[in-house]
Amino acid sequence: MVSSICLRAELWNESKDIHVTIVVPGWIATNLALYALTASGKELNEADLRNSGGLTPESLATKVVSAIRRKKEEVYFGGFKEMTSVYLKRFVPGIFSKIVRNVKTDRIASQQK
């Protein structure tokens with residue numbers, strides 16, 4: 001994100017016609033997790049249930065294009081949990097860090113059994 005902010009600042013001096021939009025999406029409904037690799041290098045071959053409840057790639061693309069056309073500097077897309085985490089991280093980063101440290105994914109918990 002910092003590099004995008006720097007890019008925006010540098011381009012502003014070059015041309016007022018070039019705009020940079022930072023896009024921060026939440027969960028996206030894709031099969032990406034199926035092809036993720038485990039610590040041993042094998043394919044995970046398991047769907048991530050959080051992805052299935054996320055935005056569709058088409059829906060995200062529509063939102064991103066709209067944000068770019070409106071010359072938004074920064075946009076966030078996601079559900080309640082994702083948007084809450086954005087505000088926690090920004091306004092109370094210490095609390096956010098404690099929450100993140102205590103979160104275990106279903107996959108990690110199942111691998112520890």
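Residues numbered from 1 in each chain as written. Predicted model: local features only at pLDDT ≥ 70, side-chain atom pairs only at ≥ 80, totals over all residues. Heavy atoms only, no water.

Caption draft 1: Main features of a nonpolar patch on the surface. Taken together, the side chains of Tyr87, Phe91, Val92, Ile95, Ile99 and Val103 present a nonpolar region at the surface, about 590 Å² in accessible area. Among the secondary structure elements, tyrosine 87 is positioned in helix α4 (residues 80–91). (Patch = residues over 30% accessible without salt bridge, like charges linked within 9 Å, V, L, I, M, F, W, Y side chains within 5 Å. Areas by Shrake-Rupley, 256 points an atom, 1.4 Å probe, with all protein chains shown as cover. Salt bridge = Lys/Arg side-chain N within 4 Å of Asp/Glu carboxyl O. Helix = DSSP H or I, 4+ residues; strand = E, 2+ residues; numbered from the N terminus.)

Caption draft 2: Representation of the nonpolar core in the model. Counting 6 residues, the largest nonpolar core consists of Ile28, Leu60, Val64, Ala67, Val75 and Phe77. Elements with a minimum of two residues in this core: α3 (57–69) and β2 (74–77). Among the elements that make up this core, the one with the highest residue count is α3 (3 residues). Valine 75 has contacts with Thr21, Ile22, Val23, Val24 and Ala67, leaving out every residue within four places of it along the chain. (Core = buried A, V, L, I, M, F, W, Y, C linked by side-chain atoms within 4.5 Å. Buried < 20%, exposed > 50% of the residue type's maximum accessible area, 1.4 Å probe, protein only. Contact = heavy atoms within 4.5 Å.)

Caption draft 3: Spatial organisation of the environment of threonine 38. When you line up the elements, threonine 38 lands in the loop between β1 (22–25) and α2 (49–52). As a C-alpha pair, threonine 38 and leucine 7 span 31 residues in sequence and 35 Å in three-dimensional space. When neighbours within four sequence positions are excluded, threonine 38 is seen to be in contact with Glu43 and Leu44. A polar atom in the side chain of threonine 38 sits 3.0 Å from the side chain of serine 40. (Polar contact = N/O pair within 3.5 Å; in protein donor to acceptor, adjacent residues only side chain to side chain.)

Caption draft 4: Local environment of the packing of α4 against helix α5 (residues 93–102). Running from N to C, α4 and α5 cross one another at 130 degrees; their axes reach a closest spacing of 5 Å. Relative to α5, α4 is oriented oblique. Only Pro93, Phe96 and Ile99 of α5 make contact with α4, whose side of the interface consists of Ser85, Leu88, Lys89, Arg90 and Phe91. Per-class residue counts for the contact of α4 with α5 are 5 nonpolar, 1 polar and 2 charged. (Axes fitted to C-alpha atoms, helices over the stretch in contact; angles between N-to-C directions. Parallel < 35°, antiparallel > 145°, perpendicular 65-115°, else oblique. Nonpolar A, V, L, I, M, F, W, Y, C, P; charged D, E, K, R; others polar.)

Caption draft 5: Spotlight on the pairing of β2. Burial of β2 is one-sided: the residues Val75 and Phe77 facing one way are buried, the residues Glu74 and Tyr76 facing the other way are not. The sheet contact formed by β1 and β2 spans 4 bridges and is parallel. Bridge assignment links proline 25 to a residue of β2, and that residue is phenylalanine 77. (Pairing = 2+ DSSP bridges.)

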